[in-house]
Amino acid sequence: MTIKIAVFGVGLIGGSLALCFKGKPNIQVVGHCHRQDIMEQVLERGVVDTATLSLEDAALDADFIFLCVPVSLIEPYLVKLANLPLKPGCVITDVGSTKASIVTCAEKLGMREVHFIGGHPMAGSERSGVGAASSLLFENAYYVLTPSSSVDETVYGRLAEILQWTKAHIVKVDPEIHDEIVGAISHLPHIIAVALVNQVRDYNHTNPLYLQLAAGGFRDITRIASSDPVIWRDILLSNKEVLLSLLKDWNQQTSRFIGLLTEGDAEGIEQAFGTANHFRNELPERRKGAIHALYDIYIDVPDTPGVIGHIATELGIRHINLSNMQIIESREDVPGVLRLSFRQESDMERAKLHLQSLGYIVYI
Ligand SMILES: NC(=O)C1=CN([C@@H]2O[C@H](COP(=O)(O)OP(=O)(O)OC[C@H]3O[C@@H](n4cnc5c(N)ncnc54)[C@H](O)[C@@H]3O)[C@@H](O)[C@H]2O)C=CC1
Ligand SMILES: O=C(O)C(=O)Cc1ccc(O)cc1
């Protein structure tokens, strides 16, 4: 018997899920798009078996429906689906970055014979659209599910089973707790990154050297400021109360630094960096997606022709799989910094040791 999976909104997350399911035994994937041009892109990328502009055609005989649209559209889609004669037993889930309001909406709809389980894959990137989709996106990442107490264990089991194709680690979390935690570790950092970039953008109007001199640290902490404005508008508004409270705590953190600097409190500054350094080093093993896309090392490279080719060749002949290579700082006559990214930690370790043995200076 074929399992039909409908993906509503075939962008970064919907497209990546579709790629995980497509071509698997007895699975058929249909994408629902809201615009002809997007549907053409989706078909061209080949992430789904079929695609349709019709909500009904996608939904009516589906066994699973994944809502992968911006957060503000998830509840309206739930309302529409609740009014359709869906296949009995159909499991509707979503991937929205917030959970409390969506789960409450589904509970209020009181759907019978179909089930809703909230979901949130903790993997993604600052990119968006089906062009950025990847079948590897969720591998090893956490995938949060927020089933209500009314959801039967066998229904939960069916969803968890189909999600095995993503190779993510499924974890059950209460929706309100989810929003508090994800508010702190994902939504607040996005606000801080955007505020910092906009602050420097204002200074840059007075002197373009700000942008020109911006180096590794600024780039690292602000990558997520390039995220999609519509997606993030919806996420922040949907987690408003949590974020207002987190921003009050953030103000206290910045006030603390104002105090330390005003007092010239060297010991206090050192202590603040020490505490942060210690806690950050306790971050769990690097994972892909939300926490880390790849295993990276950084190498000082002299600005002479052939160096990058030499490094790539050295890794290639030792069958060390390199995923990406990027020059992140380069000036004439001084060493530049090259970032090498690996999908496997073991490849990163082998590359580090080998390049060190060749005399390169390698940082993690
Ligand atoms: N970007 C990320 O890293 C992550 C995002 N999420 C959540 O996933 C959801 C989707 O985000 P992304 O895939 O990043 O965004 P995206 O912009 O790549 O994809 C959104 C998709 O929804 C489609 N869409 C927009 N309006 C529509 C409508 N009225 N009807 C049908 N489709 C419509 C767009 O065409 C696009 O294909 C959001 O709810 C977001 O909070 C969850 C985890 C990570
Ligand atoms: O790019 C990153 O590091 C992210 O933080 C990706 C991300 C964005 C939104 C989510 O709800 C989960 C993960």
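Going by the structure above, here's the rest.
Everything numeric in this text was worked out from a predicted model, so none of it was measured.

Cut-offs applied
Residues numbered from 1 in each chain as written. Chains lettered and ligands numbered in written order. Predicted model: local features only at pLDDT ≥ 70, side-chain atom pairs only at ≥ 80, totals over all residues. Heavy atoms only, no water. Core = buried A, V, L, I, M, F, W, Y, C linked by side-chain atoms within 4.5 Å. Buried < 20%, exposed > 50% of the residue type's maximum accessible area, 1.4 Å probe, protein only. Helix = DSSP H or I, 4+ residues; strand = E, 2+ residues; numbered from the N terminus. Contact = heavy atoms within 4.5 Å. Salt bridge = Lys/Arg side-chain N within 4 Å of Asp/Glu carboxyl O. Near = heavy atom within 4 Å. Polar contact = N/O pair within 3.5 Å; in protein donor to acceptor, adjacent residues only side chain to side chain. Areas by Shrake-Rupley, 256 points an atom, 1.4 Å probe, with all protein chains shown as cover. Nonpolar A, V, L, I, M, F, W, Y, C, P; charged D, E, K, R; others polar.

Explain the nonpolar core to me, please; I cannot follow it from the model alone.
The nonpolar side chains of soluble globular proteins are, as a tendency, buried together. In this structure, L17, F21, F66, L159, I162 and L163 are the most contacted members of the largest nonpolar core, which totals 41 residues. Listed by contribution, the elements that provide at least two residues to this core are strand 1 (3–8), helix 1 (12–21), strand 2 (27–32), helix 2 (36–45), strand 4 (64–67), strand 7 (142–146) and helix 6 (153–163). The element contributing the most residues to this core is helix 1, with 7 residues. Sequence-distant contacts of L159, defined by excluding residues within four places in its chain, comprise F64, F66, V91, T93, I117 and L145.

Whenever I open this one, the pattern of salt bridges confuses me. Can you help?
Here the idea is simple: oppositely charged side chains can pair when their charged atoms come close. Across all of its chains, the model carries 10 salt bridges by this definition. The residue R223 makes a salt bridge to E126 at a minimum N-O spacing of 2.5 Å. With R223 in the loop between helix 9 (216–222) and helix 10 (229–238) and E126 in the loop between strand 6 (115–121) and strand 7, the pair connects residues that are 97 residues apart, well separated along the chain. By relative accessible area, which is 22% here, E126 ends up partly exposed. With a closest N to O distance of 3.6 Å, K352 and E349 form a salt bridge. With a gap of 3 residues between them, K352 and E349 both fall in helix 14 (residues 345–357), about one helical turn apart. The exposure class assigned to K352 is buried, which follows from its relative accessible area of 18%. On the accessibility criterion, E349 (31% relative accessible area) is partly exposed.

I'm lost on the site of ligand 1 in this one. Help?
Around ligand 1, 25 residues are found, and the nearest of them are L12, V69, Y77, S97 and G129. A distance of 3.3 Å separates an oxygen atom of ligand 1 from a polar atom in the backbone of G11. At 2.9 Å, a backbone N or O of I13 approaches an oxygen atom of ligand 1. Compared with its free state, where it exposes 820 Å², ligand 1 has 86% of that area covered by protein. The set of elements that each furnish at least two residues to the shell around ligand 1 consists of helix 1, helix 4 (71–82), strand 6 and helix 10. For the shell around ligand 1, the element with the highest residue contribution is helix 4, accounting for 3 residues. Of the residues that constitute the shell around ligand 1, the class distribution is 15 nonpolar, 10 polar and no charged.

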